[in-house]
Amino acid sequence: MTHKIRYGGDYNPEQWPEEVWDEDHRLFTRAGIDTLTVGVFSWSLTQPAEDTYDFTVLDRILDRAAAEGRQVCLATGTAALPPWLAKAHPEVNRTDFEGRRHRYGQRHNFCPSSPAYRRHATAMAGCLAERYADHPALLAWHINNEYGGVCYCDVCADAFREWLRNKYVTLDALNDAWWTTFWSHRFTDWAEIEPPNALTEHWRGPDHTAFQGITLDYFRFTTDALLGCFLAEKEVIRAHDPDTPVTTNFMGMFRPLDYHRWAPHLDFASWDSYPPLDAPPTWPALAHDLMRGLKDGAPFWLMEQTPSTTACRDVNPLRRPGELRLATFQAVAHGADAALYFQMRASRGACEKYHGAVIGHAGRDDTRVFREVAELGRELELLGDASLGARTPARTALIFDWDSWWALEISDGPSRLVKYQEVLHAYYRAAREAGADVDVVPHTADLTPYDVVLAPVLHMVKGDLAARLEAVAARGGTVLTTFLSGRVDEHDRAFPTDVPGPLAPLMGIRVDEWDSRPQDVVQPVELGEFEAEARLLFEIVQPRGAEPVGTYGADFYAGTPAVTRHAYGQGEGWYVATALDQPGVDWVIRRILTRHSLLGPYAHQPAVETATRVAPDGSRLLFLLNHTADPAHLTAHAAATDLLTGKRVGEGEPLTLDPRGTAILRIQ
Ligand code: GLA
Ligand code: ZN
């Protein structure tokens with residue numbers, strides 16, 4: 001067993017003659033590579049025909065890895081159909097949103113409800129598990145790959161009806177949940193229900209539906225249908241291999257699948273990080289924290305990142321020198337115990353031939369990218385087990401709720417311009433740049449460890465969440481929520497009460513009206529001495545016990561509250577009634593964190609990210625990540641040793657971070 005951060009990536013040697021493998025392994029050794037994800041797209045190779053399995057190549061790949069002292073994350077390879085399967089059973093192909101049955105092509109191309117797909121995928125997973133369960137190279141199982149996509153075929157339609165019967169039991173309950181008396185939709189037979197798509201409830205696209213209830217349930221059904229595929233494969237793996245951990249690689253903030261419904265079924269979480277161009281560093285950080293939150297804060301794997309460049313975008317910029325290292329240590333800072341790449345060697349053909357790889361087409365080890373990868377490999381060896389299994393001691397939680405995300409973005413009114421991720425990110429960013437560690441948690445999470453609970457755009461309030469948020473404030477904590485929160489129940493029906501529904505007692509306000517405006521309409525909001533700008537949506541707040549903290553500066557609601565604070569028990573409920581700009585959100589969040597002494601020691605240098613992890617032996621690691629291309633000059637807030645350089649620094653002494661530099665301080 002390797003007692004260090006796992007390092008390696010997706011490796012597809014089956015695309016190459018074996019002489020190339022020799023070279024690969026020589027370079028892997030130079031780069032400190034210990035872990036290879038194999039078999040992700042090898043179904044057509046391992047099962048060339050319905051009744052023929054052929055594991056010769058995969059045997060050699062695993063044997064070779066073992067001989068070289070490397071381990072594998074073995075994929076079941078069921079994310080891309082082999083052509084014969086699509087030909088023999090055309091119903092394995094997906095039917096798209098427009099109702100078109102696809103023919104063979106692409107990947108992630110299977111219908112999740114298709115019995116033929118399920119049968120063949122589980123047969124493959126079973127064969128692999130039987131064959132490799134005791135292989136010395138086997139480290140983990142990687143089921144499928146980046147599950148996603150929606151199917152609207154007749155098999156799915158039937159499966160959806162079955163799913164609905166289980167959920168609602170009676171059509172009366174379903175009609176009530178979906179509010180079908182509206183527009184003459186009362187269903188009298190389960191068979192009348194159609195999947196919501198361009199041929200049925202939708203107009204303009206997947207986010208524009210006449211019945212939010214149906215569409216929401218189809219999102220949930222799709223989550224469960226794909227999860228069913230995962231569980232079926234996991235079950236057959238477990239029949240042969242009771243112990244090896246099983247995962248599937250997620251995609252961070254991926255709207256189509258509610259990963260919280262999947263989380264209990266993974267042995268560890270893993271995800272692929274490809275941040276959007278120009279995303280601030282807090283964007284991938286939020287995704288890391290969301291992934292860490294899936295398993296109650298347990299470490300996750302960074303299953304993929306590019307060492308240099310992507311290929312699928314219109315423009316695919318290079319990672320600048322030092323950016324890969326910084327992104328990798330950022331992942332570790334947020335809880336990664338593995339750092340893997342897509343991909344180890346570039347494909348010669350097809351759509352990813354220009355995707356960045358540790359080893360390019362020329363097979364060189366004297367490229368900049370290879371050198372950076374190898375240098376990082378050396379540093380990870382140096383770091384050893386110092387951060388393995390470490391946890392984040394966060395006292396701030398951010399509630400992330402797929403149902404709220406879906407409900408908000410498929411709603412007609414008040415505004416199509418409010419984007420769930422953007423609002424969450426603004427609050428997350430403010431907290432992180434002020435130096436607070438943040439756990440990103442589901443609405444069902446135990447909130448007792450937290451002093452501050454942030455619940456922006458919590459559109460849907462389910463179960464006993466409102467009571468648990470009240471309990472946070474009652475014992476002295478602070479709860480923040482915003483515009484468009486507390487609007488609907490689990491079926492997307494408006495609460496028959498004042499806005500913000502179940503959150504109103506905690507917030508001490510009432511909202512009767514809201515004004516949705518185009519992007520270019522700016523409302524000044526006075527926050528004490530500070531003036532922020534607000535956009536998109538302006539809720540008109542009537543305090544019912546809360547005190548105004550900020551007020552609108554224009555229009556007929558000028559002078560009315562835009563931000564309020566309500567004393568509740570020993571604590572406070574904060575309501576932000578509009579989409580404040582980042583400085584406005586920063587102002588609010590820093591006030592809240594200050595109340596709980598949660599401002600970090602480097603909060604005045606927001607470009608230096610800080611993150612704390614506490615190792616199993618109790619040692620406290622403070623990651624300092626300089627996200628600028630200039631050196632950062634700090635004053636050490638405590639005596640510490642930098643684990644990457646071995647250098648000691650005393651409290652109050654100068655501490656300089658290189659451009660894009662990282663320090664991992666073990667605090668004394
Ligand atoms: C995804 C997939 C990989 C590869 C990369 C390219 O993450 O899992 O197979 O296509 O994207 O960025
Ligand atoms: Zn289908």
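Residues numbered from 1 in each chain as written. Chains lettered and ligands numbered in written order. Predicted model: local features only at pLDDT ≥ 70, side-chain atom pairs only at ≥ 80, totals over all residues. Heavy atoms only, no water.

S.K.: Help me out: how do you make sense of the side chain of Thr222 in this one?
M.R.: Within the secondary structure, Thr222 is located in helix H8 (residues 212-240). Dropping the residues within four chain positions of it, Thr222 is found in contact with Gly149, Val150 and Leu257. (Helix = DSSP H or I, 4+ residues; strand = E, 2+ residues; numbered from the N terminus. Contact = heavy atoms within 4.5 Å.)

S.K.: Quick question: what am I supposed to make of the coordination of the zinc ion (ligand 2) here?
M.R.: Each angle at a metal carrying four tetrahedral donors should ideally be 109.5 degrees, and each at a metal carrying six octahedral donors should ideally be 90 or 180 degrees. Distances from the zinc ion (ligand 2) to its protein donors, Cys111 (SG), Cys151 (SG), Cys153 (SG) and Cys156 (SG), fall at 2.3 Å. In this structure, the zinc ion (ligand 2) is coordinated by 4 donor atoms arranged in tetrahedral fashion, with angles at the metal of 100 to 116°. All donors of the zinc ion (ligand 2) come from a single chain, and their spacing in sequence reads C-x39-C-x1-C-x2-C. When sorted by exposure, Cys153 lands in the same class as Cys156, which is buried. (Donors = N, O, S within 2.8 Å, 3.2 Å for Na, K, Ca; no water. Tetrahedral: all angles 85-135°; square planar, octahedral: opposite > 155°, others 65-115°. Buried < 20%, exposed > 50% of the residue type's maximum accessible area, 1.4 Å probe, protein only.)

S.K.: I'm lost on the environment of Ala390 in this one. Help?
M.R.: Along the chain, Ala390 turns up in the loop between helix H12 (368-383) and strand E10 (396-399). For Ala390, a relative accessible area of 2% puts it in the buried group. Between the C-alpha atoms of Ala390 and Glu379, which are 11 residues apart in sequence, the distance is 18 Å. Not counting residues within four places of it along the chain, the set of residues in contact with Ala390 comprises Pro299, Arg613, Val614, Ala615 and Pro616.

S.K.: Got a minute to help me understand the site of ligand 1 in this structure?
M.R.: In the vicinity of ligand 1, the contacting residues are Phe41, Arg107, Asn145, Glu146, Asn249, Asp272, Tyr274, Glu304, Phe342, Glu352 and His355. Tyr274 is positioned with one of its side-chain polar atoms (N or O) 3.4 Å from an oxygen atom of ligand 1. In this structure, Glu304 approaches ligand 1 through a side-chain N or O atom, which is 2.4 Å from an oxygen atom. Alone, ligand 1 offers 310 Å² of accessible surface; in the complex the protein occludes 94% of this. Residue composition of the shell around ligand 1, by class: 3 nonpolar, 3 polar and 5 charged. (Near = heavy atom within 4 Å. Polar contact = N/O pair within 3.5 Å; in protein donor to acceptor, adjacent residues only side chain to side chain. Areas by Shrake-Rupley, 256 points an atom, 1.4 Å probe, with all protein chains shown as cover. Nonpolar A, V, L, I, M, F, W, Y, C, P; charged D, E, K, R; others polar.)

S.K.: Please clarify how the domain arrangement of the chain should be interpreted in this entry.
M.R.: In many analyses, interface size is given as the accessible surface area lost on bringing the parts together. One can read the domain layout of the chain as domain 1 (6-81 + 138-149 + 245-383), domain 2 (396-595) and domain 3 (608-667). A straight line from the C-alpha centre of domain 1 to that of domain 3 covers 28 Å. Listed per partner, the contact involves 20 residues of domain 1 and 13 residues of domain 3. Interface area, domain 1 with domain 3, both sides summed: about 1400 Å², of which 63% is carbon and sulfur. (Domains from an automatic or database assignment. Buried area = accessible area lost by both parts, 1.4 Å probe.)

S.K.: I would appreciate a short explanation of the pairing of strand E2 (residues 35-38) in the present structure.
M.R.: Two faces make up the sheet, and in a regular strand the side chains alternate between them. Residues Thr35 and Thr37 of E2 are buried on one face, and the alternating residues Leu36 and Val38, pointing to the opposite face, are buried as well. In this structure, strand E1 (residues 6-11) lies alongside E2, joined through 4 bridges in parallel fashion. Looking at E2, one finds that Asp10 is bridged to Thr37. The parallel pair E1 and E2 is bridged by helix H1 (residues 18-31), and the resulting crossover is right-handed. Pairing geometry for E2 and strand E3 (residues 71-75), over 4 bridges, is parallel. Note that in E3 the partner of Val38 across the bridge is Leu74. (Pairing = 2+ DSSP bridges. Right-handed = clockwise from strand over helix to strand, strands pointing away.)

S.K.: Would you take a moment to explain unusual backbone geometry for this structure?
M.R.: Across residues other than glycine, the phi torsion is negative in most instances, and most of the peptide bonds are trans. Pro414 follows Gly413 through a cis peptide bond whose omega is -5°. For the bond running from Val499 to Pro500, omega is 5°, close enough to zero to count as cis. For Leu484, which is not glycine, the phi dihedral falls at a positive 60°. Of note, Leu484 is situated in the loop between strand E13 (478-482) and helix H16 (504-507).

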